[in-house]
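For reference, the chains in residue letters:
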Amino acid sequence: MKTIRFLFSLMLICFVTSCTKDFLQDETPLTSDNTNDELKCKPQQLKIAVISDIHFMAPSLLRNGAANGEAFQTYLNYDPKLIEFSDPIFRKVISQLKRDRPDIVLIPGDLTKDGEKVSHESVARILQQLLECGTKVYVIPGNHDINNPEAVAYNGDISHPTPIIQARDFPKIYAQFGYRNALSRDANSLSYISQPYHGLWILAIDDCEYYDNTNIALVPGKIKPETMAWILGKLREASQKNITVLGMMHHGIMEHFTGQEKVDPGYITDDWQSQAEKLMNAGLKVMFTGHYHANDITMLGSEETNILYDIETGSLVTPPSPYRMITLSGKAMDITTNKVTSINRPMPGGMSFTDYSKAFLTAHMDGYFKYVFTSPAYGLDEATAAYLAPYFRDGWMAHYAGDEIPPADLMEIYLSLGEELGGAYYSIWTDLAPADNQLHIDLN
């Protein structure tokens, strides 16, 4: 989530010429997602699950009481996530999916906390359980997953660097989850197309900027021009062959609340208006995204023209820990939302998982906003900061859950906060159409 961390702070983003050397070795496309005798026609009813922003941290990276140590707690103060419980949360969802037996699982990025090699290897092993049940799994990297200089292990009160992966490693570790049998690979990124069934393509777009990471992991994303050219060519081919295409990428392809790009930069792909229109006009109807940790759906276009839906799925380590279950019947898509309500791990104080999760996020976000408002950027006194923090905390937590209902005194609070703070507060409560947690979509 490095979400609200960047809300009110200034951030320098360096955009340099794209480097493709890590991708060239994998540019040769393969023939199908299965051998020809295994590739089946798309079932009349297809069940798809979407889980995003797992942020899995291998338990071995927390040693000697490090979960309560100074270094790890400092990390949580700046980036509040249920990282300590990422392993049992992820395993609980996998257990539920093994029972539900979806045909396909999509994971649009941020599989790991910070790209630790041991975390990636653990995720791949756990996902193997779904393959053994006959479920096809497709992944794409997020901004945390590759070449991440912030990857550390924690030991007591201290942290130290831990091995990470590079772009060339990702398709090797996740070879069975989209890469090995890709129908086509982009030579300039880790994007690919897989064909789980005749008549259906998964378009996995890598828009992360890990190749420019130096001392920090860059949060923003952009689709390289060469990658977009490859995408549009494939969409034209799909249109000619009457193939249904489901897209997924890490960053949002459009704003999820009014002014998101200005209020909280770095969470929508660069030049999103132009990129979204290109994809929409090329016939893409659905893009599954993550990154912002909110369970939110928004759309571009109209029934009179074309429509592109950005179906953002919240993070497993950010309450309410949602994941999507989708039924695709012909050209009709029905979306529902499930939530993790318990895990196989005792919670502090004997609390339930849901109660602890809410209390955790509430306390950490209150602390974060107090820090922000008393910083030199705003210079508010502690009493004023403490008064403002709950307003912003409630807004962001409502947005994470989706289908937010603005408070009755929204306008009154907006006016009292002034143009800058009031505008940010009002924006987060602006829930753009359509509905977020349950939705029927006509893909015709």
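Residues numbered from 1 in each chain as written. Predicted model: local features only at pLDDT ≥ 70, side-chain atom pairs only at ≥ 80, totals over all residues. Heavy atoms only, no water.

Observations concerning the sheet that holds strand β1 (residues 45–50)
Quick reminder of the rule: Pairs of strands are assigned from DSSP output, requiring at least two bridges between the strands. Secondary structure elements are taken from DSSP: a helix is a run of H or I of four residues or more, a strand is a run of E of two residues or more, and numbering for both begins at the N terminus. Inter-axis angles, ranging from 0 to 180 degrees, are taken between N-to-C directions of lines fitted to C-alpha atoms, where helices are fitted over the stretch in contact. Should any heavy atoms of two residues lie within 4.5 Å, those residues are counted as being in contact.
The 6 strands are arranged β4-β3-β1-β14-β15-β16 in an open sheet whose pairing can be described as mixed. In this open sheet, the two edge strands, each paired with only one partner strand, are β4 (136–139) and β16 (439–442). With direction set aside, neighbouring strand axes in the sheet form an average angle of 20°. Contacting β1, β3 (104–107) and β14 (322–329), helix α2 (residues 86–100) crosses the sheet at an angle of about 20° to β14. Running over the sheet, helix α3 (residues 117–132) touches β3 and β4 and is turned about 145° from β4.

A word on unusual backbone geometry
Between Pro-319 and Pro-320 the backbone carries a cis peptide bond, its omega angle lying at 15°. With an omega dihedral of 5°, the bond running from Ala-433 to Pro-434 counts as a cis peptide bond. Residue His-293 is not a glycine yet carries a positive backbone phi of 70°. Counting through the fold element by element, His-293 comes out in the loop between β11 (286–289) and β12 (296–301).

A closer look at α2
Defined as follows: Any helix carries an expected span of 1.5 Å times its number of residues minus one. Accessibility here uses a 1.4 Å probe with only protein chains present; expressed as a share of the type maximum, an area under 20% marks a residue as buried, one over 50% as exposed, and anything in between as partly exposed.
Relative to the 21 Å expected for 15 residues at 1.5 Å per residue, α2 spans 21 Å between its end C-alpha atoms, a close match to the ideal helical length. Among the residues making up α2, those that are buried are Ser-86, Asp-87, Pro-88, Ile-89, Phe-90, Lys-92, Val-93, Ile-94, Gln-96 and Leu-97. The inward-facing, buried residues of α2 abut β1, β3, α3, β14 and α9 (353–374). Phi turns positive, to about 50°, at Arg-101, one or two residues after α2.

What about the packing of helix α11 (residues 410–417) against helix α12 (residues 419–428)?
So the rule is basically this: Here is the rule for angles: anything less than 35 degrees is roughly parallel, anything more than 145 is roughly antiparallel, 65 through 115 is roughly perpendicular, and the remaining ranges are oblique. We call Asp, Glu, Lys and Arg charged. Ala, Val, Leu, Ile, Met, Phe, Trp, Tyr, Cys and Pro are nonpolar, and the rest, Gly among them, are polar.
Running from N to C, α11 and α12 cross one another at 150°; their axes reach a closest spacing of 6 Å. Taken together, the axis directions place α11 and α12 in an arrangement best described as roughly antiparallel. Two secondary-structure elements touch here, α11 through Leu-410, Met-411, Ile-413, Tyr-414 and Leu-417 and α12 through Glu-419, Leu-421, Gly-422, Gly-423, Tyr-425 and Tyr-426. For the contact of α11 with α12, the residue count by class is 8 nonpolar, 2 polar and 1 charged.

Notes on the side chain of Thr-244
Locating Thr-244 in the fold gives a position in strand β10 (residues 244–249). Look at Thr-244 and you get buried, because its relative accessible area is 10%. The contacts of Thr-244, once residues within four sequence positions are left out, are Gly-199, Leu-200, Trp-201 and Lys-331.

Digging into the confidence of the model for the protein chain
So the rule is basically this: Values of pLDDT, ranging from 0 to 100, describe the predictor's confidence in every residue of the model.
The pLDDT averaged across the protein chain works out to 91; a share of 91% of its residues lies at or above 70. pLDDT under 50 marks residues 1–21. Its contacts with residues more than four places away, or in other chains, come to 62 contacts. The low-confidence segment residues 24–37, where pLDDT is below 50, has 28 contacts with residues more than four positions distant or belonging to other chains.

Here we look at the packing of aromatic side chains
Centre distance and the angle of the planes are the two values used to describe a pair of aromatic rings. Our working definition: Centres within 6.5 Å are what make two rings of Phe, Tyr or Trp a pair, Trp counting through its six-membered ring; a difference in plane orientation under 30 degrees is then read as stacked, over 60 as edge-to-face, and the rest as tilted.
The tally for this structure, following the rule as stated, stands at 24 aromatic pairs. Measuring from ring centre to ring centre gives 5.8 Å for Tyr-210 and Tyr-211, while their planes differ by 75°; the resulting arrangement is edge-to-face. With respect to class, Tyr-210 is no different from Tyr-211; both count as buried. Through pairs of rings, three or more aromatic residues link up here, namely Phe-257, Tyr-267, Tyr-292, Tyr-368, Phe-369, Phe-373, Tyr-378, Tyr-387, Tyr-391, Phe-392, Trp-396 and Tyr-425.

Describing the pattern of salt bridges
Here is the rule: Salt bridges, as used here, are contacts in which a Lys or Arg side-chain nitrogen is within 4 Å of a carboxyl oxygen on Asp or Glu.
By the definition in use, this model includes 9 salt bridges. The partner of Asp-79 in a salt bridge is Lys-81, and the shortest N-O contact between them spans 2.7 Å. Here Lys-117 and Glu-121 are joined by a salt bridge, their closest N and O atoms 2.5 Å apart. Taken together, the residues span about one helical turn, with Lys-117 and Glu-121 both in helix α3 at a distance of 4 residues. Looking at Glu-121, the relative accessible area reads 27%, which means it is partly exposed. A cluster of three or more residues bridged by salt bridges with shared partners is formed by Lys-234, Glu-237 and Lys-241.

Looking at α3
In a regular helix each residue adds 1.5 Å, so 16 residues correspond to 22 Å; α3 covers 23 Å between its end C-alpha atoms and thus fits that length. Here the buried face of α3 lies against α2, β3, β4, α4 (170–173) and α5 (175–179). One or two positions beyond α3, positive phi appears at Gly-134, with a value near 90°.

Digging into the nonpolar core
Convention followed: Only buried Ala, Val, Leu, Ile, Met, Phe, Trp, Tyr and Cys residues count toward a nonpolar core, and they belong to the same one when joined by side-chain atoms within 4.5 Å.
Phe-90, Leu-127, Val-139, Phe-288 and Met-333 are the most contacted members of the largest nonpolar core, which has 82 residues in total. Apart from residues lying up to four places away in sequence, Phe-288 is in contact with Val-50, Leu-106, Pro-108, Leu-246, Gly-247, Met-248, Met-249, Ile-311, Ile-326 and Met-333. Membership of the second largest hydrophobic core comes to 29 residues, among which are Tyr-267, Ala-294, Leu-388 and Trp-429.

Some remarks on the sheet that holds β11
Sheet architecture is open: 7 strands sit in the order β7-β8-β9-β10-β11-β13-β12, paired in mixed fashion. Two strands close off the open sheet at either side, each with one partner strand: β7 (184–185) and β12. Bridge analysis of strand β9 (residues 200–205) against β10 gives 6 bridges, and the strand direction is parallel. Pairing of Leu-203 across the sheet is with Gly-247, part of β10. Each of β7, β8 (192–197), β9 and β10 is contacted by helix α6 (residues 225–240), which is oriented at about 170° to β9, the strand it contacts most.

Details of the packing of helix α10 (residues 382–401) against α12
Condition: Handedness of a crossing follows from how the near helix is turned relative to the far one, being left-handed for an anticlockwise turn of less than a right angle and right-handed for a clockwise one.
For the pair α10 and α12, interaxial distance at closest approach is 9 Å and the crossing angle is 30°. Put simply, α10 runs roughly parallel to α12. When you trace α10 past α12, the crossing you get is left-handed. Of α12, the residues touching α10 (which contributes Leu-388, Tyr-391, Phe-392, Gly-395, Trp-396 and His-399) are Leu-421, Ala-424, Tyr-425 and Ile-428.

Focus: the pairing of β12
Of the pairings in the sheet, the one linking β12 to strand β13 (residues 307–312) comprises 6 bridges and is antiparallel in character. By the bridge assignment, Leu-300 is partnered in β13 with Leu-308. Counting the residues that bridge the hairpin from β12 to β13 gives 5 residues.

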